[in-house]
Amino acid sequence: MNSQRKILHADCDCFYAAVEMRDDPSLRDIPLAIGRSREHRGVIATCNYPARAYGIHSAMPTAQALRLCPHLTLLPGDFDKYREVSRQIQTIFHELTPLVEPLSLDEAYLDVTGVEGFQGSATWMAQWLKRECLARTGITVSVGVAPAKFLAKVASDWDKPDGLTVIPPEQVDSFVASLPVKKLHGVGPATGARLEALGVGNCAELRRLPRERLIEEFGKFGHRLFELARGIDERPVKIERERKSVSVETTFDSDLPDLGQARDGLAPLCDRLEERLERHGRPAIAGLFVKVRFDDFSLTTLESRGQAIDRPSFERLLAQAWARAERPVRLLGVGVRLQPEAARQQLTLPL
Ligand SMILES: [Mg+2]
């Protein structure tokens, strides 16, 4: 039973911005964002709280952020530095438990069920983690404690910044009942709107829908919704294995009939890929790939070598992939292969 587990979700507060403010206190009280410039059609990777007061948030196009706050200080980001701070924080995580699953540079799940220190108190462990991260790196971390991953993640977000929220097993049921469905793992704006149309705003209302009804409405995800509404999330914390690729994909509501429309579908995916790569600290790239699933469910993937993400390369790959079947497109994906850690380190060795 998952009520036996103790999961922490640790998430640094506005990480890239926090590192910059630590190193230059004059940035602390002014609106600050990290992201590519408007001229590069950039998006905001992270921003501090004074910037958020203007309605700016991560993933927002830089142009829009500058319209909301013309005096915004925009920095391109020093990703070598962020990776270094991330390594220090990950080291602290590993001092607590070997069961660490990093989600990005500044965020991880920790399974502390078997930790014997701190008299087994996950709350004390979380307090220690926050204290050590601040003392050793100058960065504040928000931590959520719960018996399941999705709840720990909701909890870490509950009281940001510098938050610590604990959902003990005996409170899971009442906590989840009042939780808005939008907070559930995997519920985006589209699913949220469909649930709202069914009269469902929170998990207590979601529980009234039978499993069969949810599966009918949402397919496989309906099964998951049924469980999440009851606080059930058995996903284990998976320890780090070397990440080999980063990709995004989407299944279209209706198939894209031809190559021209498929090309239009590619653009937002490339933007999302860039965003995701920023979250991973702009890792070194070894190649690009495009994945296409056609309306007959056949799947094809095409790769090219290259160290930069550029849209024309993705478009070329798409054109070649599409030519293999010349059918309407059901799903598109774009991604990058990452350079193995060893190769990356060799590249940075001084000659
Ligand atoms: Mg964060």
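Remember, it's a predicted structure, so these values are computed and weren't measured experimentally.

A. Geometry of the overall build of the protein chain. The secondary structure content of the protein chain amounts to 14 helices and 12 strands. For 351 residues, the compact-globule formula gives about 20 Å, and the C-alpha radius of gyration of the protein chain, at 22 Å, lands near that figure. Once the C-alpha set of the protein chain is aligned to its principal axes, its extents read approximately 60 × 60 × 45 Å. Counting only residues that meet the buried cut, the protein chain has 45% of its 351 residues in that class. Across the protein chain, the fraction of contacts at a sequence separation of at least 24, relative to all contacts at a separation of at least 6, is 63%.

B. A look at the nonpolar core. Grouped together as the largest cluster of nonpolar side chains are 32 residues, with contacts concentrated most on Leu-8, Phe-15, Phe-93, Leu-110 and Leu-129. Looking at this core, the elements with two or more residues in it are β1 (7-12), α1 (15-23), α4 (79-96), β6 (107-111), α5 (122-137) and β7 (141-146). If you tally residues by element for this core, the top one is α4, at 7 residues. Ignoring anything within four residues of it in the chain, the contact list for Leu-8 reads Leu-96, Ala-108, Tyr-109, Leu-110, Val-112, Ala-122, Ala-126, Leu-129, Val-143, Gly-144, Val-145 and Ala-152. Core analysis: the next-biggest nonpolar cluster, separate from the first, contains 29 residues, Tyr-109, Ala-146, Phe-175 and Val-181 among them.

C. Broad picture of the domain arrangement of the protein chain. The domain boundaries assigned to the protein chain delineate domain 1 (2-14 + 80-168), domain 2 (24-78), domain 3 (178-228) and domain 4 (245-348). Look at where the C-alpha atoms of domain 2 and domain 3 centre, and you get two points 34 Å apart.

D. Here's a closer look at the sheet that holds β6. Taken in spatial order, the 5 strands make up an open sheet running β5-β6-β1-β7-β8, and their pairing is mixed. Bordering the open sheet on either side are β5 (100-104) and β8 (164-166), each of which pairs with just one other strand. Looking at each pair of strands side by side, their axes are set apart by 15° on average, direction ignored. Sheet analysis places β1 next to β7, joined by 6 bridges and oriented antiparallel. Paired with Ala-10 across the strands is Val-143, a residue of β7. Its contacts with the sheet place α4 against β1, β5 and β6, and it is angled at close to 155° to β5.

E. Structural view of the coordination of the magnesium ion. Here the magnesium ion is held by the protein donor atoms Asp-11 (OD), Cys-12 (O) and Asp-106 (OD), which lie 2.2 to 2.5 Å from it. With a relative accessible area of 13%, Asp-11 lands in the buried category. The class for Asp-106 is buried, based on a relative accessible area of 13%.

F. Structural detail: the state of the cysteines. Applying the stated rule across the entire model yields 0 disulfides. Note on Cys-14: no disulfide assigned, nearest cysteine sulfur contributed by Cys-47 at a separation of 7.4 Å.

G. Examining helix α13 (residues 311-323) more closely. A rise of 1.5 Å per residue sets the reference length of α13, with its 13 residues, at 18 Å; its end C-alpha atoms lie 18 Å apart and thus fit the reference within 8%. What α13 keeps buried is the set Ser-313, Phe-314, Leu-317, Leu-318, Ala-321 and Trp-322. Burial along α13 is one-sided: seen end-on, the buried residues are contained in an arc of 165°.

H. Spatial organisation of the UniProt feature "site: Substrate discrimination" (unreviewed entry) in the protein chain. This chain's UniProt record puts "site: Substrate discrimination" (unreviewed entry) on Tyr-16. In this structure, Tyr-16 sits in helix α1. Its relative accessible area of 5% is what places Tyr-16 among the buried residues. Dropping the residues within four chain positions of it, Tyr-16 is found in contact with Ile-34, Ala-45, Thr-46, Phe-79, Tyr-82, Leu-105, Glu-278, Arg-279, His-280 and Gly-281.

Thresholds, definitions, all that
Residues numbered from 1 in each chain as written. Predicted model: local features only at pLDDT ≥ 70, side-chain atom pairs only at ≥ 80, totals over all residues. Heavy atoms only, no water. Helix = DSSP H or I, 4+ residues; strand = E, 2+ residues; numbered from the N terminus. Rg over C-alpha atoms; globule rule 2.2 N^0.38 Å. Buried < 20%, exposed > 50% of the residue type's maximum accessible area, 1.4 Å probe, protein only. Contact = heavy atoms within 4.5 Å. Core = buried A, V, L, I, M, F, W, Y, C linked by side-chain atoms within 4.5 Å. Domains from an automatic or database assignment. Pairing = 2+ DSSP bridges. Axes fitted to C-alpha atoms, helices over the stretch in contact; angles between N-to-C directions. Donors = N, O, S within 2.8 Å, 3.2 Å for Na, K, Ca; no water. Disulfide = S-S within 2.5 Å. Expected span 1.5 Å × (residues − 1). Arc of directions from axis to C-beta. UniProt positions renumbered as here; feature names shortened; annotations may be inferred.

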